[in-house]
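# Architecture and fold: a report
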Amino acid sequence: KGLIVSFGEMLIDFVPTVSGVSLAEAPGFLKAPGGAPANVAIAVARLGGKAAFVGKLGEDEFGHMLAGILKENGVSADGVTFDKGARTALAFVTLRADGEREFMFYRNPSADMLLTPDELNLGIIRSAKVFHYGSISLIVEPCRSAHLKAMDEAKSAGALLSYDPNLRLPLWPSAKYAKEQIMSIWEKADIIKVSDNELEFLTGSSKIDDEAAMSLWHPKLQLLLVTLGENGCRYYNKNFRGSIDGYHVKTVDTTGAGDSFVGALLGKIVDDHAIIHDEARLKEVLKYACACGAITTTKKGAIPALPQHSDVLSILQ
Ligand code: ATP
């Protein structure tokens with residue numbers, strides 16, 4: 001099996017013990033390990049694929065706990081480094097009564113932001129068949145340079161580049177800078193996945209339609225995906241486009257649905273790039289990925305909710 005290397009942040013979300021409250025009203029918090037790139041790596045491994053995570057954690061109890069979670073889930077942590085001075089990133093996250101997620105980050109700076117280009121494990125990065133990343137690692141130096149170097153190394157060694165911006169506006173100095181930076185690496189990616197909200201943000205269009213999606217197309221792109229929550233996703237290739245319906249499930253927490261979707265998709269494509277250009281096969285893979293996303297919403301937290309292959313088969317039948 002080909003290796004999927006996921007680059008970026010891994011952190012601990014602290015989520016209220018009761019739902020529908022603001023951060024200030026929460027009576028207590030539970031630890032929920034996450035970070036989109038780490039979730040994707042675990043999603044791949046849980047479905048039976050081969051994955052590695054590359055990033056930096058604090059040389060502290062939380063950092064070692066997170067590295068342990070990667071390993072317990074069969075994800076290689078050989079590309080993880082530990083910072084002696086800075087702490088593992090934390091985020092307090094709540095789903096308010098109005099359904100919007102509220103984030104409060106503790107990153108001043110956190111270890112993930114301090115990964116340097118020299119600390120990259122180039123052996124792992126160059127052996128990637130797919131290299132996946134987001135945009136949080138672009139926000140500040142030195143992590144930004146490490147991200148750019150890792151991406152270029154993976155590409156030169158022949159990996160497909162997969163990009164899920166995972167917009168977290170509160171982390172950026174301004175919305176304008178966020179958009180500029182997210183778009184600054186746009187044309188390097190072979191596969192891009194955005195959510196409906198990100199499509200609106202990046203295009204400035206208030207309509208989630210084909211025209212808005214296609215305005216994000218670039219000449220070397222092979223596959224563009226727009227995920228639509230419970231409504232499934234839309235896909236765009238140079239030669240075809242279409243949509244996949246969502247699955248009806250009892251949703252309790254949508255955290256990690258997008259990462260589960262991406263992990264499932266990459267796990268199928270890694271050993272057979274031709275799927276991207278074969279609409280019938282791509283649709284089957286996207287149905288599988290949507291099922292994974294749907295299952296992930298049926299349990300609290302991201303990592304505990306990521307499915308195994310057998311869970312997906314039962315919902316597909
Ligand atoms: P997140 O940032 O929460 O990880 P996202 O916004 O990147 O997620 P979504 O569009 O929420 O991505 O979800 C990805 C996929 O998961 C969707 O395409 C859909 O197939 C599935 N999914 C998400 N939410 C639901 C839901 N409530 N019911 C059924 N399926 C869902």
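The structure presented is a predicted model; accordingly, all values stated were derived computationally and were not measured.

Here the focus is the packing of aromatic side chains. Tallying each qualifying case throughout the model produces 11 aromatic pairs. Through a chain of ring-to-ring contacts, the aromatic side chains of F7, F131, Y133, Y163 and W186 assemble into a single cluster. Taking the ring centre of Y288 as reference, the NZ or CZ of K268 above it sits at 4.2 Å.

For the protein chain, the mean per-residue pLDDT works out to 96, and 100% of the residues sit at or above 70. For the protein chain, strand 7 (residues 101–106) is the element with the lowest average pLDDT, namely 87, and strand 1 (residues 3–7) is the one with the highest, namely 99. If you check the scores for this complex, the pTM reads 0.97 and the ipTM reads 0.97.

All right, on to the site of the ligand then. The full set close to the ligand counts 20 residues, and K193, T227, G229, G232 and G258 are the nearest of them. Between a nitrogen atom of the ligand and a side-chain N or O atom of T251, the distance comes to 3.1 Å. Protein contacts shield 90% of the accessible area of the ligand, which totals 620 Å² for the unbound molecule. For the shell around the ligand, the elements supplying multiple residues, two or more each, are strand 10 (191–195), helix 8 (257–269) and helix 9 (279–296). Of the residues in the shell around the ligand, the class split is six nonpolar, 10 polar and four charged.

This next bit is on the sheet that holds strand 13 (residues 241–244). Backbone hydrogen bonds are what pair the strands of a sheet, in a parallel or an antiparallel way. The nine strands lie next to each other as 5-4-1-8-9-10-11-12-13, forming an open sheet whose pairing is mixed. Where the open sheet ends on each side, the last strands, each with one partner, are strand 5 (76–83) and strand 13. Between one strand axis and the next, the sheet turns through 15° on average, direction left out of account. Here strand 8 (residues 128–133) runs beside strand 9 (residues 160–163); their pairing, made up of four bridges, is parallel. Bridge pairing links Y133 to Y163 in strand 9. Helix-sheet contacts for helix 6 (residues 196–203) involve strand 10 and strand 11 (223–227), and the interaxial angle to strand 10 is about 100°.

Analysis parameters
Counting of residues starts from 1 at the beginning of each chain's written sequence and follows it residue by residue. Totals for whole chains, interfaces and linings use all residues, but because this is a predicted model, local features are given only for residues with pLDDT of at least 70 and pairs of side-chain atoms are given and counted only at 80 or more. Computation of side-chain values: all heavy atoms of the structure, hydrogens and water removed. Stacked, tilted and edge-to-face are the three classes applied to pairs of Phe, Tyr and Trp rings, where Trp contributes its six-membered ring and a pair requires centres within 6.5 Å; stacked means planes under 30 degrees apart, edge-to-face means over 60, and tilted covers the rest. Note on geometry: a ring has a charge over it if NZ (lysine) or CZ (arginine) is within 6 Å of the ring centre and within 35 degrees of the ring normal. In predicted models, pLDDT denotes the confidence assigned by the predictor to each residue on a 0 to 100 scale. Numbering of helices and strands starts at the N terminus; helices are DSSP runs of H or I of at least 4 residues and strands are runs of E of at least 2. Whether a residue is near a molecule or strand is decided by its heavy atoms; if any one of them lies within 4 Å of it, the residue is near. Under the rule applied, a polar contact is a pair of N or O atoms within 3.5 Å (in protein, one hydrogen donor and one hydrogen acceptor; residues adjacent in sequence only if both atoms are side-chain atoms). Accessibility throughout is a Shrake-Rupley quantity obtained with a 1.4 Å probe, and a residue counts as covered only by protein chains that appear here. Here the nonpolar group is Ala, Val, Leu, Ile, Met, Phe, Trp, Tyr, Cys and Pro; Asp, Glu, Lys and Arg are the charged ones; every other residue, Gly included, is treated as polar. One requirement defines pairing of two strands: DSSP has to find at least two bridges between them. Axis angles are defined between N-to-C directions and span 0 to 180 degrees, where every axis is a line fitted to C-alpha atoms and, for a helix, only to the segment in contact. Only heavy atoms enter the contact rule, under which two residues are in contact if any of them lie within 4.5 Å.

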